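Take a look at the letters that make up each chain.
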Amino acid sequence: MMDDIDLRDPQRHGSYPRQASFAQQSFETHGHGEPDARPSKMTCDPMGTSASAEPDTPAHGTLTRAATALGNFVHSTLERRDSSKDGAERTIYVNDPIKNQQYKYIHNRISTAKYNVATFLPKFLLEQFSRYANLFFLFTGIIQLIGDLSPTSKLGTLLPLSVVMLASAVKEVIEDVKRHRQDAEVNARYTKTLHGSEFVPKRWRDIVVGDIVRIDNSGYFPADLILLSSSEPDALCYIETSNLDGETNLKIRQGLPETSHLLTADAVARLNGVIRSELPNNSLYTYEGMLRIQTKSLPLDPMQLLLRGAQLRNTQWIYAVVVFTGHETKLMRNATAAPIKRTKVERMVNTQIIFLFTILLGMAVLCSIGALARQLNGSFEKQILLSGGSVSKAWIKFPQNILTYIILFNNLIPLSLIVTMEAVKFVLGGLINSDLDMYHEESDTHAVARTSSLVEELGQVDYIFSDKTGTLTMNIMEFKMASIAGVAYAETVPDDKRVRVDEKGNEVVWQTAFSQSSFDINSNVMSFKGYYDFRQFKESKKTHRNGNIIREFVNLLAVCHTVIPETDENDPTNIIYQASSPDEAALVKGAQQLGARFHTRRPKSVTITHDGREEEYEVLNVNEFNSTRKRMSILCRAPDGTIKIYIKGADTVILERLGEQGKEFVDITCVHLEEYATEGLRTLCLAYRNISEDEYRRWAAIYTKASTTINNRQDELDKAAELIEKDLILLGATAIEDKLQDGVPDTIATLAQGGIKIWVLTGDRQETAINIGYSCKLLTVESSLIICNEETHFETKDFLEKKLLAVKAGMGMGAPSRRPGFLDRMLGKKTPRFDKDAEVDLEPLALIIDGRTLDYALEDDIKLTFLELATLCKSVICCRVSPLQKALVVKLVRKNVDGSITLAIGDGANDVGMIQAAHVGVGISGQEGLQAARSADFAIAQFRFLRKLLLIHGAWAYARMSKLILYSYYKNITLYLIQLWFALDNGFSGQTLFETWSSLSSYNVLWAVAQPIALGIFDQYLSARMLDRYPQMYRLGQRAVFYNHKVFFSWIGNSFFHSAMIYYLWRAVHLPSGGAVQSSGRVSDIWAIGQMVYATDLVVIGLKAALVADIWVKFTWVAILGSVLLFIIVFPIYAIIGPMLRISPELTGVNQPIFGNPIFWFGLLLFPIAAILRDFTWKYAKRTYHPSSYHIIQEVQKYNIPDYRPRMEWFRKAVTKVRMIQRLKRTRGFAFSQNESGQAGLIRVYDTTQRKPRG
């Protein structure tokens, strides 16, 4: 939460260097007192956003100057250049647009698109040619144009490559147009800006720095603004920053007292002044500037800053001046250019293309050596061509022959692979977009695959890094239960906890499994009769012997807080509570449920209506909450004149401050607290006591002195509060539910079964995060917590090393590390320290670490120790972390855990860093303008949809892409290896067996294109129901079972076998007869024989596709059978038309020797069966005698075998509660989300009885 973060703490904004604040710096003025055009140096720009370049020293040289000029041109083209000139500040004139124009600040248009007109071509070509396959085909196409090197058509490679690149370009354009449309919608919104002395509508894109805007309630801020005045007292306003940090609780901002009187358009129009502002940067939580009005210089800080993307709430209107626009706003500064992400599968494809190129080069060299030997020693050359023995000519032709054979074998690397992958991924992304199971009806939001090129990465995720607030939880608090004077009350009482009545009408006493002591509602006897609902509570206030305790409990909830009530203009009977935290609002609403309605706040009092009677409490002092005190208290004078102290806080701090007379209900209250915490509720203890006038007078003097202390004021105030917060009387406890998003616990538990480790990176307090961890099943009853809260570097290092040694001792082994393999050493690959797939026999561990300690843990000499310990844990929770720390944690895992795939999910701008640092970024959408969703690769409306996105869509995509890639390799190598076998028979002449256009060029774009598409789009190795029921199947993707180097080489070996079978079977038919296989006895030419071999290859690869397909749909039938039928129908037509058009003269007269020959049909039927028989036998043996896990689940799916596992859940649940209570008795925390300090002063300025100005 933004207000929870100490703005003075450098770790909260990435430990950027800080210089003197604006308030400590003087302004250089000249002329009529106006600021100098070249201001003095001020705060440094942490992101280096200043437009001033590095000094042009000789060391930089001409190249550096050229690069700088090119960089300036690109920035100008992108319209994202920094508008500041040479200084380290920017100057903004209020109500003087002419002077502001001289600085040429950038416009307010924003663009989150990947390309624009100027950058599309260079960025697209760079991305495409970073793929080795495209680079190879470009090289091949170029050498094909050289002289007579090519045995095939000169455009046989470049033309198909152009088609492939065009298809990829179309796909990129379609995806980017969607982003441009979203940007256009945002840029076209309207807001009111000051023109003359009135506010008129103006589009967001037209807003400029220096404009004064009016934002009405529920409006979004179009740019970064400085608050001038508002409808609230002292220029206060409330904002919601869910678009920035995912927090839905309201935060307070306050304008300067010197501008708070500007309540009309005329008054604002008369304002003249100058704002000196820091340069644009990406720190959401800091701001330094100064407003100069006449001769007064007023410092500006984050309390006056309203960020683009935030929303005005519960405030009728505000006036504000624009300081940053467009891509200079802090929101957009956090939205850095999306990095180009490559999937694990794509990286492996690049590596294997190098292998294939090595094989291709070896084949070319081998054939060239054969040609060289023939030219030097062949009898044909010596006796017929009379060229034998010409050593010089033979060696000159040797390198030319190598290039010729590279061209001949170039399609060993499949040309269509990349475009087929892109097309299939685009379709798979469309399937995600149209999945109704991931559609959120309440917000009318469907899942969006913003970057479809990463779909298969969803099937291999090892680590999930999740934000908490807004991602796991809804940040909506509800008052659920209360323990008052030892009696348990609940809003909704579960059936198994209701008070039971026997046949005589008496309430039955019963014992719980977790305690042998309870409290009777009518006596001091320790017995427990169950829960009462809130309706019975009202009766208890009147009849219970502890009725006075019950009334004090309710009064405390209604009085002890910093909430401000606002009457709804549309419904005067409805009161809207403005609270700095959702906990505070929930407690006040809980008091209203229990009969005490808080409705009026004045600077020195609050008024409530309790059971129909209006009561006014004079607020004397407020001792505010902070993380050290873990409590807040208020001293007030009750309507009867007595002075009371009401206090609420963590049970650990309240219970130790009870007096002897106040411990009557301690035991039973602790029992209730344990039960509340078991259910993941946020708990607080409530206490009070009466204070005499004399004691208060003495204490007030101490408090007043502490409040005026210059140094260590907060410490002195805490000491003063300690003096009065004693001898308390326990009233009871409250339980608030921090509502989880639907399905979060089941989703986390299911993902954990799938082998995914989940780390929560949150800005919340530690106690809150731990409680939510148990609620959402991230932490289980078996988990042992390792809590790391150290104050120094050396303490952190010592703690982590000791814990790591203890864990290793428990394992009896070292950390899970991985030794480098031969392939890694050959490629010079650095070996990460940790193996993600290592199995460790260890009790479940959970590491909890706070943000300050994490700063030390991420330092170079500790980070690997921290990571080693973290990888041994089932889950990790990092609390109070900054956006930079989130990104650093993700990068630490990504770089040092071997082969790991990371996924980051969040919903605010503070999550953008980790979303972009992870392999896959997922944003939570559903609220307008959420920055995380706009910067992510995938967007979903609810965390629970991650289950289907990964376990089903991800698993399918990985398996489909694996088959598509392997099959694409297989079909190309099978065909083009035939050219190698033919080269052995043709004397290495470089002659091709196949015609260029009908066979070679059309192979990957016509005859053999449908089979891999069918496998890539429609194949399912398991149904969605089975993948969801058995999440363990997800480990197949994590361990790269379907696609790895071993599988790749097995498919390559199979290609060698099939190509040899096809060629040599047909060779065996033709060789004995000298090629005379026609019924007339005539000899078939090379092109007729080649087309027979080619047709057989199509049938073989079709049968192979049929063998590996796990599911058959209509398109599968069409793809496999249709490709062969299409060739048989279309090729004879082309063989007639092609020669007529002089495109393929080689095919003249080939129809009769092929299709009129019974031997062709005989071979077309038998030879594919002979070739594929080995594959069928192997598949049968594998599934029968050595089945994989998914083979077994396929059988379960096929025969609908019932699953008896749910019955075991009853046995597991029987001991869960007992274990949970045992843990809670060892350590029980609390959750209190009230903002630290600063609230007491704010509530003193409010008088809700006064009418607000309309502006």
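Calculation notes
- Residues numbered from 1 in each chain as written.
- Predicted model: local features only at pLDDT ≥ 70, side-chain atom pairs only at ≥ 80, totals over all residues.
- Heavy atoms only, no water.
- Helix = DSSP H or I, 4+ residues; strand = E, 2+ residues; numbered from the N terminus.
- Buried < 20%, exposed > 50% of the residue type's maximum accessible area, 1.4 Å probe, protein only.
- Contact = heavy atoms within 4.5 Å.
- Areas by Shrake-Rupley, 256 points an atom, 1.4 Å probe, with all protein chains shown as cover.
- Salt bridge = Lys/Arg side-chain N within 4 Å of Asp/Glu carboxyl O.
- Core = buried A, V, L, I, M, F, W, Y, C linked by side-chain atoms within 4.5 Å.
- pLDDT = per-residue confidence, 0-100.
- Polar contact = N/O pair within 3.5 Å; in protein donor to acceptor, adjacent residues only side chain to side chain.
- Phe/Tyr/Trp six-rings, centres within 6.5 Å; stacked < 30°, edge-to-face > 60°.
- Lys NZ or Arg CZ within 6 Å of the ring centre and 35° of its normal.
- Expected span 1.5 Å × (residues − 1).
- Bend = angle between axes of the 7 residues up to and from the residue.
- Pairing = 2+ DSSP bridges.
- UniProt positions renumbered as here; feature names shortened; annotations may be inferred.

A. Structural view of the overall build of the protein chain. Of the regular secondary structure elements, the protein chain holds 41 helices and 38 strands. With 1255 residues in all, the protein chain has 57% of them scored as buried. Within the protein chain, residue pairs in contact and separated by at least 24 positions form 75% of the contacts whose partners lie at least 6 positions apart. Counting every atom, the protein chain has about 52500 Å² of accessible surface; 57% of that belongs to carbon and sulfur.

B. How the structure looks around unusual backbone geometry. Unlike most non-glycine residues, Ala235 shows phi in positive territory, near 60 degrees. Within the secondary structure layout, Ala235 lies in the loop between β7 (224-230) and β8 (236-240). Assessed through its relative accessible area of 1%, Ala235 is described here as buried. In this structure, Ala1040 takes a positive phi of about 50 degrees despite not being glycine.

C. Fine view of the pattern of salt bridges. With the rule as written, the count across this model stands at 54 salt bridges. Between Arg1183 and Glu1195 there is a salt bridge, with its nearest N and O atoms 3.5 Å apart. Residue Arg1183 is located in helix α38 (residues 1158-1185), and its partner Glu1195 is located in helix α39 (residues 1189-1199); the two are separated by 12 residues in the primary sequence. Using a relative accessible area of 26% as the deciding quantity, one classes Arg1183 as partly exposed. On the basis of relative accessibility, which here comes to 35%, the residue Glu1195 falls in the partly exposed class. Each of the salt bridges in this network shares a partner with another, and the network as a whole consists of Arg629, Arg631, Glu656, Arg657, Glu722 and Glu725.

D. A look at the nonpolar core. Judged by nonpolar contacts, the single largest core of 159 residues is most densely connected at Ile464, Leu903, Phe938, Leu946, Leu950, Tyr969 and Tyr1021. No other element matches the 27 residues that helix α29 (residues 945-985) contributes to this core.

E. Spatial organisation of the confidence of the model for the protein chain. When the pLDDT values of the protein chain are averaged, the result is 80; 80% of them are 70 or greater. Here strand β1 (residues 29-30) stands out as the element of the protein chain with the lowest mean pLDDT, 37, in contrast to strand β15 (residues 317-324), whose mean of 95 is the highest. Note on residues 1-86: pLDDT is under 50 here. Beyond four places in sequence and across chains, it has 163 contacts. Note that residues 510-527 has pLDDT below 50 and, in this model, 49 contacts with residues that lie over four places away or in other chains.

F. Structural view of the side chain of Asn134. Here Asn134 shows up in helix α4 (residues 132-144). From its side chain, Asn134 meets the backbone oxygen of Gln128 in a polar contact 3.1 Å long. When sequence neighbours within four positions are dropped, the list of residues in contact with Asn134 reads Gln128, Phe129, Leu161, Met165 and Ile418.

G. Seen up close, the packing of aromatic side chains. For the structure on display, the rule yields 40 aromatic pairs. Ring-pair connections join several aromatic residues into one group, and the members of that group are Tyr976, Phe994, Tyr1003, Trp1007, Tyr1094, Phe1127, Phe1131, Phe1155, Phe1160 and Trp1161. Stacked on the ring of Tyr220, the Lys or Arg Arg189 has its end atom at 6.0 Å from the ring centre. When the ring centre of Phe1057 is taken as origin, the NZ or CZ atom of Arg1174, which lies over that ring, is 5.8 Å away.

H. Fine view of α29. Along its 41 residues, α29 runs 59 Å from first to last C-alpha, staying within 8% of the 60 Å computed at 1.5 Å per residue. Gly954 marks where α29 bends most, by close to 30 degrees. A large share of α29 lies buried, amounting to 38 of its 41 residues. Among the residues trailing α29, Gly987 stands out with phi positive, at a value near 70 degrees.

I. Representation of the environment of Phe943 in the model. With respect to the element layout, Phe943 can be found in the loop between β38 (938-940) and α29. For Phe943, a relative accessible area of 0% corresponds to the buried category. C-alpha separation for the pair Phe943 and Gly923, spaced 20 residues apart in sequence, amounts to 9.4 Å. Discounting residues that sit within four places of it in the chain, Phe943 has contacts with Ser466, Thr471, Leu472, Gln741, Val744, Thr747, Ile748, Ile905 and Ile924.

J. Region of interest: the pairing of strand β17 (residues 463-466). Of the two faces of β17, the one lined by Tyr463 and Phe465 and the one lined by Ile464 and Ser466 are each fully buried. In this sheet, strand β30 (residues 757-761) lies alongside β17 in parallel orientation, the contact comprising 4 bridges. Counted as the bridge partner of Tyr463 is Lys757 from β30. Of the pairings in the sheet, the one linking β17 to strand β36 (residues 902-906) comprises 4 bridges and is parallel in character. Residue pairing in the sheet places Phe465 in a bridge with Ala904 of β36.

K. Spatial organisation of the sheet that holds β15. A sheet is described by the order of its strands in space; here 6 strands give the open sequence β5-β4-β6-β15-β7-β13, paired in antiparallel fashion. Strands with a single pairing partner mark the edges of an open sheet, and in this sheet they are β5 (198-203) and β13 (305-306). Note: β7 against β13, 2 bridges, orientation antiparallel. Looking at β13, one finds that Ile226 is bridged to Leu305.

L. How the structure looks around the environment of Ser783. For Ser783, the location among the structural elements is in the loop between α21 (766-775) and β31 (784-788). On the accessibility criterion, Ser783 (9% relative accessible area) is buried.

M. Just the UniProt feature "transmembrane region" (unreviewed entry) in the protein chain, in detail. Within the UniProt annotation, "transmembrane region" (unreviewed entry) is assigned to residues 353-373, 402-428, 1004-1022, 1043-1066, 1086-1103, 1115-1134 and 1154-1173. The span residues 353-373 is 100% helical and 0% strand by assignment, and the distance between its end C-alpha atoms comes to 30 Å. In residues 1154-1173, helix accounts for 90% and strand for 0%; the two terminal C-alpha atoms are 25 Å from one another.

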